[in-house]
Amino acid sequence: MEHQDYNLCIGQALARINQILIKYRLSGKPLSAEKLKEEYYMEGSTDCFVAYMAEKIKQERVRGHITEGTQTHHKIALNKLKLFLASNGKRSLPFSDIEVSLFIDFDLWHIERLAEKDCKGHGARWNTQKAYRKYLELARKVDKKSFEWPFPEIIKKPKGKRPIFLSQAELKNMISLYEDPASFLTKTGKNVLRAFLVQCFTGLRFGDLQKVEKKQYQKKKIILKPEKTSESTGEEVRLYVHGPLQSILKDCKVLSQSKYLVPTHAEPTHNLHLKSIARMCRIQKKLTTHVARHTFATIFLERGGSVEVLQKILGRSKIETTMIYVHITNRSIEDQTSRVFDDFL
């Protein structure tokens, strides 16, 4: 580059900085060095919601306002919006073009895509809209963008379903499969089953399980801060290792060739292999990594654990979200009592 080109680039950068200074001076808002940097690098995303959302997702993750898992879900929602716009011959979405009819069309398009996967996807639709709401709220309230609010309650929050969990007998079947040297499990399948069993005996979310390092397991304890709740509670969780979990973790320490305690793969790989593992154990339930967490909570209460202790183990900030397992165990007691005594007379 010639020196004239450098001077032109510098002049453009100074002009951009001057625009930001004028904007903040006229609005009366304070402008910190960090905010100036943020505004400068958001050039090009100030008028396009797609670019704005992409930049804000990065910022929210850096600031610790969202977890890594939530960041992934928000990126998926953003990619869906990009695909929808591309299907209409567009690459951007100016804030001035945001309106109710646009997002109604998006929702209809989304329903069609979900139907192609043989999925009703009410939860997927709601979660996708929830992501857009978050960044549109930021645009409107924090960055003072002006546009038509596009969500007059299009999608209602899905009603909570009864969580899927394994019975104690089903969990024992899975342990038997793990311990069977003649099982037809592949190396990946064995890793998946081992990780699932660790979750069943600890209640760990899959994302937290992947990040537990060997050094965090000492003296029959695993000490960690669950990522999803550490921001709200700020508390460490201590998981005490007893029973079958001791031998499983002993295998993990031997097999893991990295600093992490439990060998794992991408979560979709785990969910795929759990289908075949369920068939091997004759379990007629749709297994995912999160079923293990529900299994831990349910069996913990069934075997005499308290709700207050369960709340601490699960790393939840509100006891209300833990009470769902109390209802499950109560229903289980009712079902079992009914089976035992219905034909008594």
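Reading guide: rules and limits
Every residue gets a number counted from 1 within its own chain, in the order that chain's sequence is written. Where totals are concerned, whole chains, interfaces and linings use all residues; where local detail is concerned, this predicted model gives features only for residues with pLDDT of at least 70, and gives and counts side-chain atom pairs only at 80 or more. Side-chain calculation: all heavy atoms of the structure are included, whereas hydrogens and water are not. Only DSSP runs of H or I covering at least 4 residues are called helices, and only runs of E covering at least 2 are called strands; the numbering of each starts at the N terminus. The span one expects for a helix is its residue count, reduced by one, times 1.5 Å. Pairing of aromatic rings covers Phe, Tyr and Trp, the last through its six-membered ring, and needs centres within 6.5 Å; plane angles under 30 degrees mean stacked, over 60 mean edge-to-face, and all others mean tilted. Charge-over-ring contacts are defined here by two conditions on Lys NZ or Arg CZ: a distance within 6 Å of the ring centre and an angle within 35 degrees of the ring normal. In this scheme, a residue with accessible area under 20% of its type's maximum is buried, one over 50% is exposed, and one in between is partly exposed, where area comes from a 1.4 Å probe on protein chains only. When DSSP finds two or more bridges between a pair of strands, those strands are recorded as paired. By nonpolar core we mean a set of buried residues, namely Ala, Val, Leu, Ile, Met, Phe, Trp, Tyr and Cys, connected to one another through side-chain atoms within 4.5 Å. Contacts are assigned to residue pairs with any non-hydrogen atoms lying within 4.5 Å of each other. Patch building starts from residues that exceed 30% relative accessible area and form no salt bridge, then joins like charges within 9 Å and nonpolar side chains (Val, Leu, Ile, Met, Phe, Trp, Tyr) within 5 Å. Only the protein chains shown count as cover for residues, and all accessible areas are computed by the Shrake-Rupley method using a 1.4 Å probe. Salt-bridge detection follows one rule: a side-chain nitrogen of Lys or Arg within 4 Å of a carboxyl oxygen of Asp or Glu. Under the convention used here, Asp and Glu are negative, Lys and Arg are positive, and both His and the chain ends fall outside the count. Here the site of a charge means NZ on Lys, CZ on Arg, CG on Asp, or CD on Glu. As a rule, the C-alpha atoms of each element are fitted with a line to give its axis, helices using only the stretch in contact, and angles between N-to-C directions run from 0 to 180 degrees. Any angle that falls under 35 degrees is termed roughly parallel, while one over 145 is termed roughly antiparallel, one within 65 to 115 roughly perpendicular, and all others oblique. Throughout, the ten residues Ala, Val, Leu, Ile, Met, Phe, Trp, Tyr, Cys and Pro are labelled nonpolar, Asp, Glu, Lys and Arg are labelled charged, and all others, Gly among them, are labelled polar.

A few points about helix α6 (residues 122-142)
Between its first and last C-alpha atoms α6 spans 30 Å; for 21 residues at 1.5 Å apiece the expected length is 30 Å, and the two agree. Lys144 lies just past α6 and shows a positive phi near 55°.

Topic: the packing of aromatic side chains
Throughout the structure, instances matching the rule amount to 13 aromatic pairs. Directly above the aromatic system of Trp149 lies the positively charged group of Arg140, at a separation of 4.3 Å from the ring centroid. Directly above the ring of Tyr178 sits Lys190, whose terminal nitrogen or CZ lies 4.6 Å from the centroid.

Let's talk about the pairing of strand β3 (residues 237-240)
Because side chains alternate across β3, one face comprises the buried residues Val237 and Leu239, and the other comprises Arg238 and Tyr240, none of which is buried. Pairing analysis gives four bridges linking strand β2 (residues 221-224) to β3, with the strands arranged antiparallel. Looking at β3, one finds that Lys221 is bridged to Tyr240.

Looking at the nonpolar core
Burial of nonpolar side chains together is a common tendency in soluble globular proteins. Counting 46 residues, the largest nonpolar core has Met174, Ile222, Leu249 and Ile277 as the members making the most contacts within it. At seven residues, helix α8 (residues 187-202) tops the list of elements feeding residues into this core. Other than its neighbours up to four places away in sequence, Met174 contacts Leu166, Leu193, Phe196, Leu197, Ile277, Cys281, Ile283 and Leu287. Counting residues in each nonpolar core, the second largest holds 27 residues, with Cys48, Phe49, Ala77 and Phe103 among its members.

Observations regarding a negative patch on the surface
On the surface, Asp97, Glu99, Asp105 and Glu148 cluster together to form a negatively charged patch. One can find Glu148 in the loop between α6 and α7 (168-179).

Considering the environment of Glu179
One can find Glu179 in helix α7. According to the relative accessible area criterion, Glu179 is exposed, its value standing at 54%. Expressed as a C-alpha distance, the spacing of Glu179 and Ile248, which sit 69 residues apart in the sequence, is 9.6 Å.

Re the packing of α8 against helix α12 (residues 267-280)
Two numbers describe how α8 lies on α12: the axes approach to 9 Å, and their chain directions differ by 95°. Put simply, α8 runs roughly perpendicular to α12. For the pair α8 and α12, contact is made by Thr188, Gly189, Asn191, Val192, Leu193, Ala195 and Phe196 and by Thr269, His270, His273, Leu274 and Ile277, respectively. Its residues placed into classes, the contact of α8 with α12 shows six nonpolar, six polar and no charged.

Examining the pattern of salt bridges
According to the stated counting rule, one finds 12 salt bridges in the structure shown. Ionic pairing is found between Glu112 and Arg113, a salt bridge with its closest N-O pair at 3.6 Å. Assessed through its relative accessible area of 46%, Glu112 is described here as partly exposed. Judged by its relative accessible area of 25%, Arg113 falls in the partly exposed class. Across the pair Asp208 and Arg205 runs a salt bridge whose closest N-O atoms are separated by 3.8 Å. Residues participating in the shared-partner salt-bridge network are Glu112, Arg113 and Glu116.

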